[in-house]
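Structural overview
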Amino acid sequence: MTEYPVSGDLARLSRAKAFGGWQETWVHSARSTDTAMKFGIYLPPQADDKPCPVLYWLSGLTCTEENFIVKAGAQRYAAEHGLILVTPDTSPRGAHLPGEDESWDFGTGAGFYLNATQEPWSRHYNMYDYVLDELPTLIQSEFLTSDKAAIAGHSMGGHGALVLALRNPERYTSVSAFAPIAAPTKCPWGQKAFGNYLGEDPSSWEKYDSHLLIQKAQIHVPMRIDQGSADNFLKEQLKPELLLEAAQSVDYKLEYQTREGYDHSYFFISSFIGEHLAWHADYLKG
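In this report, the structure presented in the accompanying data block is examined. Everything numeric here is computed off the predicted structure, so don't read it as measured data.

1. Thoughts on the pattern of salt bridges
Scanning the entire structure with this criterion turns up 13 salt bridges. Two residues, Asp133 and Arg171, come together in a salt bridge whose shortest N-O distance is 3.2 Å. With Asp133 in helix 3 (residues 127-142) and Arg171 in the loop between helix 4 (156-167) and strand 7 (175-178), this residue pair connects regions lying 38 residues apart in the sequence. What emerges from the salt-bridge pattern is a single network uniting Arg224, Asp226, Arg259 and Glu275.

This is how it looks when you write it as structure tokens:
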């Protein structure tokens, strides 16, 4: 993997024409993570001459900023609706922390969209601050955007999208997720990540668990979740039933669809991403 310097200006790494717009990849020095961070951005043709709303997409375990760009087929729909798509990486890279690359579900590629409090992770693993504040500030300063934003994601990224929207409902017009980790305090992936990043006190994990946060929500952001019935992570890791039960207990209206026969892959995402972008566009332009 190429390592980029932590110092220096925002730099564009690639650019390709797609559906009348431009798919680009950029790198910059991030304060939140104290590393270089890459992100993708799709600029629809409408962004040539007018501000467009932004959809932030958060990817899942092992992914980079590239997976959604090349596998989801979302650019076609973003061009149709005039949406800017921003796809950050899933973790800091190049921090060279001990144990960072020993497992696929923790460390590199597995930032879990939280702010770590435990050493040595707390210096770099602050993806919550990066996605909530630093990256949007950069996007708004460098690109022609409107003041409207939505957020979506898959698996670990679905977890991140739900948490960010539930904790910051004023920031997003809508939130959607494909196969999110809906109750991370109750599943092995979440318990491993939270225990290492946040410490062993489970009370410190609660602010990053959507099935707990939704019970306290004062503002209800429009929410949509799609889940494949053939997802091999459904029972042990994702646990959407806990989120649905919590939402029902407080009358939080969310759209939930089971997609029969679909698994956890990008074949699932690419099959329904058009519906999700059209759904977000209604709120972003409303």
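Right, picking up where we left off after that structure.
2. Re helix 8 (residues 240-249)
Because an α-helix packs 3.6 residues into every turn, residues spaced three or four apart end up facing the same way. Burial in helix 8 covers these residues: Pro240, Leu243, Ala246 and Ala247. Buried positions in helix 8, seen along its axis, are confined to an arc of 125 degrees and lie on one side of it. Summarising the geometry of helix 8, the exposed residues directed more than 90 degrees from the buried face are Gln248 and Ser249. Where the residues of helix 8 are buried, they touch helix 4, helix 6 (210-213), strand 8 (223-228), helix 7 (234-238) and strand 9 (255-259). The positive-phi residue at the C-terminal boundary of helix 8 is Asp251, with phi of around 60 degrees.

3. Focus: helix 3
The largest bend along helix 3 measures about 30 degrees and falls at Glu134, with the proline Pro136 one to four residues further on. Along helix 3, the residues that are buried comprise Met127, Tyr128, Tyr130, Val131, Leu132, Glu134, Leu135, Pro136, Leu138 and Ile139. Against strand 2 (21-30), strand 3 (35-43), strand 4 (52-58), strand 5 (84-88), strand 6 (145-154) and helix 4 lie the buried residues of helix 3.

About the cut-offs
- Per chain, residue numbering runs from 1 following the sequence as it is written.
- Two thresholds apply to this predicted model, a pLDDT of at least 70 for residue-level local features and 80 or more for giving and counting side-chain atom pairs, whereas whole-chain, interface and lining totals are computed over all residues.
- Note: side-chain values were computed over all heavy atoms of the structure, leaving out hydrogens and water.
- Salt bridges are defined as contacts in which a side-chain nitrogen from Lys or Arg sits within 4 Å of a carboxyl oxygen from Asp or Glu.
- Labels follow the DSSP assignment, with helices taken as runs of H or I lasting at least four residues and strands as runs of E lasting at least two, numbered in each case from the N terminus.
- Summary of the burial criterion: residues with accessible area below 20% of their type's maximum are buried, those above 50% are exposed, and those between are partly exposed, where the area comes from a 1.4 Å probe applied to protein chains only.
- Arc definition: directions from the helix axis to the C-beta atoms.
- Residue contacts follow a heavy-atom distance rule, with two residues in contact if any of their heavy atoms lie within 4.5 Å.
- Two axes define the bend at a residue: one fitted to the seven residues ending there, one fitted to the seven starting there, and the bend is the angle between them.

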